[in-house]
Amino acid sequence: MTHEDVPRLGIGMIGYAFMGAAHSQAWRVAPRFFDLPLRPEMTVVAGRSRDAVDAAARRLGWHDAETDWRRLIERDDVDLVDICTPGDTHAEMAVAALEAGKHVLCEKPLANSVAEAEAMTAAAEAASARGVRAMVGFTYRRVPAVALARELVAEGRIGAVRQVRAQYLQDWLADPAAPLSWRLDRAKAGSGALGDIAAHVVDLTQFITGEVVTGVSGMLETFVHERPVATEFSGLHGSAGAERGRVTVDDAALFTARFSGGGIGTFEATRMAWGRKNAIRVEVNGTRGSIAFDFEDMNVLHLFDAADDARVAGFRRIVVTEPDHPYVGAWWPAGHGLGYEHGFVHQAVDLVRALGAGEQPRPSFADGLQVQRVLDAVERSAGASSTWTDVAG
Ligand code: SOE
């Protein structure tokens with residue numbers, strides 16, 4: 001079969017900022033490195049401003065541009081709708097797309113509230129009965145070292161999970177002069193570090209352990225309550241004028257958690273940790289060993305095996321670039337390493353393969369709803385004072 005004989009999968013992407021650029025790169029590259037049962041075609045991108053969306057289509061490689069996302073969903077040449085917009089739009093767009101019979105890939109967190117996530121999950125389950133699939137984009141699952149960690153835990157290499165330590169640390173908001181963006185607006189983003197980045201480590205720890213978080217005790221803090229309003233924004237950074245606006249979300253989130261297998265965990269997410277750029281750290285201690293990952297050294301996984309002779313025991317540094325490691329065989333020779341964008345490529349690959357096989361891609365909307373419930377529990381816990389105990393004296 002030549003590339004052209006493979007049935008096409010028309011992609012319509014809504015939004016074209018940081019996530020839209022990452023998804024565009026994935027759709028462009030996935031069919032060139034991986035054998036896929038369907039050929040993704042970058043059919044159309046949607047955004048509100050005609051000039052800006054036309055420019056984005058040219059820059060990112062989309063054939064066409066729409067200024068109305070509803071029009072994109074209606075198009076016969078669109079089979080899959082890829083939602084890369086702020087959280088307040090996810091529910092309306094995803095439900096409309098699923099009802100129109102289009103597969104959906106939706107950026108994380110699935111929604112801004114449990115109620116929205118429930119409605120999206122109900123729409124996804126109804127659509128699934130008609131062969132229409134929905135997936136939420138927790139892309140770090142697709143980092144080869146993370147996928148390997150899951151395999152090793154499932155094989156029993158560290159035994160039963162006792163303790164989970166998870167951090168997601170960034171510093172792009174540590175400077176009080178960093179401008180306001182939609183990510184700091186509760187109406188658009190739902191929450192701050194909690195939904196934006198703690199959501200990732202909730203998904204990652206559940207993915208790696210194969211368990212779910214069943215209860216939490218949380219604390220949220222906002223350190224900078226007012227910031228200059230952005231005049232221009234690119235990626236996470238922007239320039240600002242004299243106007244100031246209110247921050248309505250948390251800057252940092254901390255919580256302890258219980259896992260379904262009886263283990264306990266600590267979570268920390270912040271966008272205020274100077275010097276930490278994208279430090280996603282997950283360590284799992286089991287009854288027979290430990291596993292540790294840090295995204296700032298993303299091609300590496302550390303494994304400690306308690307059965308090793310104590311004289312030579314230590315964390316083994318596994319460079320996850322061998323052809324036998326998850327996803328790696330499609331890329332470069334051993335030792336050449338992958339980057340941030342490859343997780344998005346692997347996400348596109350897994351989704352297209354699931355569609356080709358007629359299977360439910362993971363993480364499903366139900367998985368996204370479960371993460372949303374954890375976030376909601378952290379907010380409820382942080383809002384309640386019942387578990388907080390002042391130090392005596
Ligand atoms: C900002 O904190 C952000 O872009 C998140 O929104 C992404 O989900 C994360 O992958 C990188 O950081």
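Note that this is a predicted model, so its numbers are computed, not measured.

A few words on the domain arrangement of the chain. Domain assignment breaks the chain into domain 1 (3-139) and domain 2 (143-362 + 370-382). Inter-centroid distance (C-alpha atoms) of domain 1 to domain 2 is 23 Å. The interface is formed by 40 residues belonging to domain 1 together with 43 residues belonging to domain 2. Surface buried jointly by domain 1 and domain 2 totals about 3500 Å² across both partners, of which 69% is contributed by carbon and sulfur atoms. Inspection of the region where domain 1 meets domain 2 yields three salt bridges. Across the pair Glu118 and Arg373 runs a salt bridge, and its minimum N-O distance is 2.9 Å. Taken together, the links from domain 1 to domain 2 amount to eleven residue pairs in polar contact (both at pLDDT 80 or more).

What follows covers the sheet that holds strand β4 (residues 80-83). With respect to topology, six strands assemble into an open sheet ordered β3-β2-β1-β4-β5-β6, the strand pairing being parallel. Either end of the sheet is taken by a strand with one partner, and the two such strands are β3 (64-66) and β6 (134-137). Strand-to-strand twist of the sheet, defined as the mean angle between neighbouring strand axes without regard to direction, takes the value 25 degrees. In this sheet, strand β2 (residues 39-46) lies alongside strand β1 (residues 8-14) in parallel orientation, the contact comprising seven bridges. Across the sheet, residue Ile14 finds its bridge partner in β2, namely Ala46. Along the sheet, helix α2 (residues 50-60) makes contact with β2 and β3, crossing β3 at roughly 150 degrees.

Turning our attention to helix α5 (residues 114-128). Here α5 is 15 residues long and its end C-alpha atoms lie 20 Å apart, about the 21 Å a rise of 1.5 Å per residue gives. Taken together, the buried positions of α5 are Val114, Ala117, Met120, Thr121, Ala123, Ala124 and Ala127. Residues of α5 that are buried in the fold lie against α4 (90-99), β5 (103-107), β6 and α10 (365-383).

Rules behind the numbers
- Residues numbered from 1 in each chain as written.
- Predicted model: local features only at pLDDT ≥ 70, side-chain atom pairs only at ≥ 80, totals over all residues.
- Heavy atoms only, no water.
- Domains from an automatic or database assignment.
- Contact = heavy atoms within 4.5 Å.
- Buried area = accessible area lost by both parts, 1.4 Å probe.
- Salt bridge = Lys/Arg side-chain N within 4 Å of Asp/Glu carboxyl O.
- Polar contact = N/O pair within 3.5 Å; in protein donor to acceptor, adjacent residues only side chain to side chain.
- Pairing = 2+ DSSP bridges.
- Helix = DSSP H or I, 4+ residues; strand = E, 2+ residues; numbered from the N terminus.
- Axes fitted to C-alpha atoms, helices over the stretch in contact; angles between N-to-C directions.
- Expected span 1.5 Å × (residues − 1).
- Buried < 20%, exposed > 50% of the residue type's maximum accessible area, 1.4 Å probe, protein only.

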